[in-house]
Amino acid sequence: MPQSYRTYKARGVVLHTLKYGDSAMIVHLLTDTGGRQSYMVQSIRSSRGRGSKQALFQPMFALEFEGLVSSRQQMHRFREVQSGIVLQRMPFDVRRSTIALFMAETLYRLVKESQPDAPLFDFVWESVRALDVLEEGVANFHLWFLVGLSRFLGFFPGNEYLPGGWFDAREGLYVASRPPHPLAMDPENARILNDLVECDVRCLGEIGLNRRQRGDFLEALLAYYGYHLDAIRAVQSVEILREVF
């Protein structure tokens, strides 16, 4: 029986690539139409026509494409693919590209569903745009992204902030006093968490954090993630974040 293909139009954000043979690669995308999907890309070394295909598939690059899917093949393919957001800063700024690498790896490790999730996809897509255009507060962006992502992964803070209180990371709640277990954010980190929960991304520059505060809060946030999703421990690019920020 001849193989039949179905075509569809979609948007996607690059999470991970893997070399396949001498001139092909597998690209993992978070898509608006099918959640996380894998695509086979052939002839990536070819620079004819519109240029090298490989240049499009960098971490967190936003794509618009026409896909091909067949019942006889596990992986999708591209019929046409182009940039969905023309990035002006992210590919050329080491701070932004480092954050993009971390975002992509975090999503690759934590998001496994091959079902559309419009709120999650919209958050990720708009986060790419925000990271590229942000004027101030870039050093806080990865923290803002992790806090925001927790809403879609099911463990966003569940109550109102209590000034001067702690955050019980096991229960996901702000509490007035120190919990009877070590999985908690102290009052300083609890305040930073609330600031990031309430902060519009365009105002990240107003959250004044020094290097120590940023590092301490990242560790507390990763512990919070780790309690709910152990896969966060496999994100290796966090070490680069620590060096840059």
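All of these numbers come straight from a predicted model, not from anything done at the bench.

(A) Seen up close, the overall build of the chain. Scanning the chain for helices and strands turns up six helices and eight strands. Each helix and strand of the chain, placed in order from N terminus to C terminus, yields the pattern β-β-β-β-β-α-α-α-β-β-β-α-α-α. For a compact globule of 245 residues, the expected C-alpha radius of gyration is about 18 Å, and the chain comes in at 20 Å, within 12% of that figure. Along the first, second and third principal axes, the C-alpha set of the chain runs to 65 × 40 × 30 Å. Within the chain, buried positions represent 48% of all 245 residues. The contacts in the chain between residues at least 6 apart in sequence include a share of 62% that link residues at least 24 apart. Here the chain has roughly 12,600 Å² of accessible surface; of this, 48% comes from carbon and sulfur atoms. In the chain, 28 positive and 28 negative side-chain charges are present, and the distance between their average locations comes to 9 Å.

(B) Broad picture of the side chain of Arg96. Along the chain, Arg96 turns up in helix α1 (residues 94-110). Here Arg96 falls in the buried class, since its relative accessible area comes to 5%. Within the local environment of Arg96, its side chain forms a polar contact with the side chain of Asp93, the two groups lying 2.9 Å apart. Excluding residues that lie within four positions of it along the chain, Arg96 makes contacts with Arg89, Met90, Leu131, Asp132, Val133, Leu134 and Val138.

(C) Looking closely at the sheet that holds strand β1 (residues 5-20). Taking strand neighbours around the barrel as the criterion, the five strands line up as β1-β2-β3-β5-β4 in a closed arrangement whose pairing is mixed. Across the sheet, the axes of successive neighbouring strands diverge by a mean angle of 50°, strand direction being ignored. With nine bridges joining them, β1 and strand β4 (residues 62-70) adopt antiparallel strand pairing. Of the residues in β4, the one forming a bridge with Lys9 is Glu66.

(D) Molecular detail of the packing of helix α2 (residues 118-133) against helix α3 (residues 141-153). Remark: α2 packs on α3, axes separated minimally by 10 Å, with the N-to-C direction vectors making an angle of 170°. The angle between α2 and α3 places the two elements in the roughly antiparallel class. Residues Pro119, Leu120, Phe123, Ser127, Ala130 and Leu131 of α2 touch α3, and the partners they reach there are Phe141, Trp144, Phe145, Gly148, Leu149 and Phe152. Classifying every residue of the contact of α2 with α3 by side-chain character gives ten nonpolar, two polar and no charged.

(E) Structural context of a nonpolar patch on the surface. On the surface, Leu101, Ile240 and Val244 cluster together to form a nonpolar patch covering roughly 190 Å² of accessible area. With respect to the helices and strands, Val244 occurs in helix α6 (residues 238-244). For Val244, a relative accessible area of 31% translates into the label partly exposed.

(F) Broad picture of the pairing of strand β3 (residues 35-41). The element β3 is largely enclosed, with a buried count of six among its seven residues. Relative to β3, strand β2 (residues 24-31) runs antiparallel, the two sharing seven bridges. Across the sheet, the residue bridging to Leu29 is Gln37, located in β3. Remark: three residues form the turn of the hairpin made by β2 and β3, two consecutive strands paired antiparallel.

(G) Structural context of the packing of helix α4 (residues 187-198) against helix α5 (residues 211-228). Interaxial distance between α4 and α5 falls to 10 Å at its minimum, and their mutual angle equals 85°. Accordingly, the angle class assigned to the pair α4 and α5 is roughly perpendicular. Residue-level inspection shows Glu188, Asn189, Arg191, Ile192, Leu193 and Leu196 of α4 in contact with α5, the latter providing Arg212, Gln213, Asp216, Phe217 and Ala220. Among the residues making up the contact of α4 with α5, the classes are represented as five nonpolar, two polar and four charged.

(H) Focus on the pattern of salt bridges. Within this structure, the stated rule accounts for 14 salt bridges. Across the salt bridge formed by Glu105 and Arg109, the nearest N and O atoms sit 3.7 Å from each other. On the criterion of helical spacing, the pair formed by Glu105 and Arg109 is a turn pair, its members being four residues apart in helix α1. Accessibility expressed as a relative area gives 13% for Glu105, which makes it buried. The class for Arg109 is partly exposed, based on a relative accessible area of 29%. Here Arg202 and Asp200 are joined by a salt bridge, their closest N and O atoms 2.9 Å apart. A network of salt bridges, in which partner residues are shared, links Arg11, Asp32 and Asp122.

Criteria and cut-off values
Residues numbered from 1 in each chain as written. Predicted model: local features only at pLDDT ≥ 70, side-chain atom pairs only at ≥ 80, totals over all residues. Heavy atoms only, no water. Helix = DSSP H or I, 4+ residues; strand = E, 2+ residues; numbered from the N terminus. Rg over C-alpha atoms; globule rule 2.2 N^0.38 Å. Buried < 20%, exposed > 50% of the residue type's maximum accessible area, 1.4 Å probe, protein only. Contact = heavy atoms within 4.5 Å. Areas by Shrake-Rupley, 256 points an atom, 1.4 Å probe, with all protein chains shown as cover. Lys, Arg positive; Asp, Glu negative; His and termini not counted. Charge placed at Lys NZ, Arg CZ, Asp CG, Glu CD. Polar contact = N/O pair within 3.5 Å; in protein donor to acceptor, adjacent residues only side chain to side chain. Pairing = 2+ DSSP bridges. Axes fitted to C-alpha atoms, helices over the stretch in contact; angles between N-to-C directions. Parallel < 35°, antiparallel > 145°, perpendicular 65-115°, else oblique. Nonpolar A, V, L, I, M, F, W, Y, C, P; charged D, E, K, R; others polar. Patch = residues over 30% accessible without salt bridge, like charges linked within 9 Å, V, L, I, M, F, W, Y side chains within 5 Å. Salt bridge = Lys/Arg side-chain N within 4 Å of Asp/Glu carboxyl O.

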